[in-house]
Amino acid sequence: MSSKDEKNLTQVIEKISKMDEPRRSVMQRVHDIIVSAAPTLKPRIWYGMPAYAKSASTPALVTLRNDDRLNLAITEKAAFRAAGGADGQLMPAAWFFETVDEETAQRIAEIVRSVVD
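Below is a summary of the structure that appears in this document. It should be emphasised that the depicted structure is a prediction, and the values quoted were computed from it without experimental measurement.

### Comments concerning the overall build of the protein
1) Next: Of regular secondary structure, the protein possesses 3 helices and 5 strands.
2) Next: The secondary structure elements of the protein, listed N-terminal to C-terminal, are α-α-β-β-β-β-β-α.
3) Next: In terms of overall dimensions, the protein is globule-like: its C-alpha atoms have a radius of gyration of 14 Å, near the 13 Å expected for 117 residues.
4) Next: C-alpha extents for the protein along the principal axes are approximately 40 × 30 × 25 Å.
5) Next: Going through the 117 residues of the protein one by one, you find that 37% of them count as buried.
6) Next: Within the protein, contacts between residues at least 6 apart in sequence are counted, and of these 46% link residues at least 24 apart.
7) Next: Carbon and sulfur atoms form 51% of the exposed surface of the protein, whose accessible area is close to 6900 Å².
8) Next: Counting 16 positive and 16 negative side-chain charges, the protein places the averaged centre of each group 7 Å from the other.

### Comments concerning the sheet that holds strand β1 (residues 42-46)
1) Next: Spatial strand order, β1-β2-β3-β4-β5: 5 strands in an open sheet with antiparallel pairing. Only two strands of the sheet have a single partner each, and these edge strands are β1 and β5 (94-97). The sheet shows a mean angle of 20° between the axes of neighbouring strands, direction not considered.
2) Next: Running at roughly 165° to strand β3 (residues 60-66), helix α2 (residues 23-37) makes contact with β1, β2 (49-53), β3, β4 (70-74) and β5 of the sheet.
3) Next: Together, β3, β4 and β5 form the strand contacts of helix α3 (residues 102-116), whose direction differs from that of β4 by roughly 30°.

### A closer look at the side chain of Asn-71
1) Next: With respect to the helices and strands, the residue Asn-71 is situated in strand β4.
2) Next: You can call Asn-71 buried: its relative accessible area is 9%.
3) Next: Excluding residues that lie within four positions of it along the chain, Asn-71 makes contacts with Thr-63, Leu-64, Arg-65, Ala-94, Trp-95, Phe-96 and Phe-97.

### Description of the nonpolar core
1) Next: In this structure, Ile-34, Val-62, Leu-72, Phe-97, Val-100 and Ile-108 are the most contacted members of the largest nonpolar core, which totals 28 residues.
2) Next: When residues of this core are traced back to their parent elements, those giving at least two are α1 (3-17), α2, β2, β3, β4 and α3.
3) Next: Once residues lying within four places of it in the same chain are set aside, the contact partners of Leu-72 are Ile-34, Val-62, Thr-63, Leu-64, Ala-93, Ala-94, Trp-95, Phe-97, Ile-108 and Ile-111.

### Thoughts on the pairing of β4
1) Next: Most of β4 is tucked away, with 5 of its 5 residues classed as buried.
2) Next: Here β4 shows two buried faces, one formed by Leu-70, Leu-72 and Ile-74 and the other by Asn-71 and Ala-73.
3) Next: Between β3 and β4, which pair antiparallel one after the other, the connecting turn spans 3 residues.
4) Next: In this sheet, β5 lies alongside β4 in antiparallel orientation, the contact comprising 4 bridges. Bridging across to β5, Ala-73 finds its partner in Ala-94.

### Describing the packing of α1 against α2
1) Next: Running from N to C, α1 and α2 cross one another at 150°; their axes reach a closest spacing of 9 Å. The angle between the axes of α1 and α2 places the two elements in the roughly antiparallel class. Here Leu-9, Val-12, Ile-13, Ile-16 and Ser-17 of α1 lie close against α2, whose contacting residues are Arg-24, Met-27, Gln-28 and His-31.

Rules used throughout
- Every chain is numbered on its own, with residues counted from 1 as its sequence reads.
- Given that the model is predicted, a residue must reach a pLDDT of at least 70 before its local features are reported, and side-chain atom pairs must reach 80 or more before they are shown or counted; all residues, however, enter totals for whole chains, interfaces and linings.
- Excluding hydrogens and water, the side-chain figures rest on all heavy atoms present in the structure.
- Put simply, DSSP H or I for four residues or longer makes a helix, DSSP E for two residues or longer makes a strand, and each gets a number counted from the N terminus.
- What the globule rule says is 2.2 Å times the number of residues to the power 0.38, and the radius of gyration is computed from C-alpha atoms.
- The buried label applies to any residue whose accessible area, calculated with a 1.4 Å probe on protein chains only, is under 20% of its type's maximum; exposed applies above 50%, and partly exposed to all values in between.
- Should any heavy atoms of two residues lie within 4.5 Å, those residues are counted as being in contact.
- We get accessible surface area from the Shrake-Rupley algorithm with a probe of 1.4 Å; when it comes to residues, only the shown protein chains can shield them.
- We score Asp and Glu as negative and Lys and Arg as positive, and we do not count His or the chain ends.
- Every charge is mapped to an atom, namely NZ of Lys, CZ of Arg, CG of Asp or CD of Glu.
- Should DSSP find at least two bridges between two strands, the strands are regarded as paired.
- Here an axis means a line fitted to C-alpha atoms, over the contact stretch when the element is a helix, while the angle between two N-to-C directions is reported on a 0 to 180 degree scale.
- Grouping buried Ala, Val, Leu, Ile, Met, Phe, Trp, Tyr and Cys residues that are joined through side-chain atoms within 4.5 Å yields what is termed a nonpolar core.
- Angle categories are assigned with fixed cut-offs, so that under 35 degrees is roughly parallel, over 145 is roughly antiparallel, 65 to 115 is roughly perpendicular, and the rest are oblique.

This is how it looks when you write it as structure tokens:
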């Protein structure tokens, strides 16, 4: 890991550590899921929130937000595919959550892997 990547990871961990509970624990778990599911993605701060990119110098592909609701999003920089089925040509890009159970953890991992595959 380069020193830039280490600095960026430290900034993401610090950002999450400053969140109030219970959101801090939930966001830490989501961060852990993301880095486990896609170890090639590099954590960084993007528009003031944790994000994950292919490198320290490329745009974020996945972001986390701590607003009125917790949010996982795929940025417009990721390759999108139409959802098909009932969603037709719509392309899912954001998911809200308050807690993370095992099913949600698996879905987050799938979503994150979809941007790097």
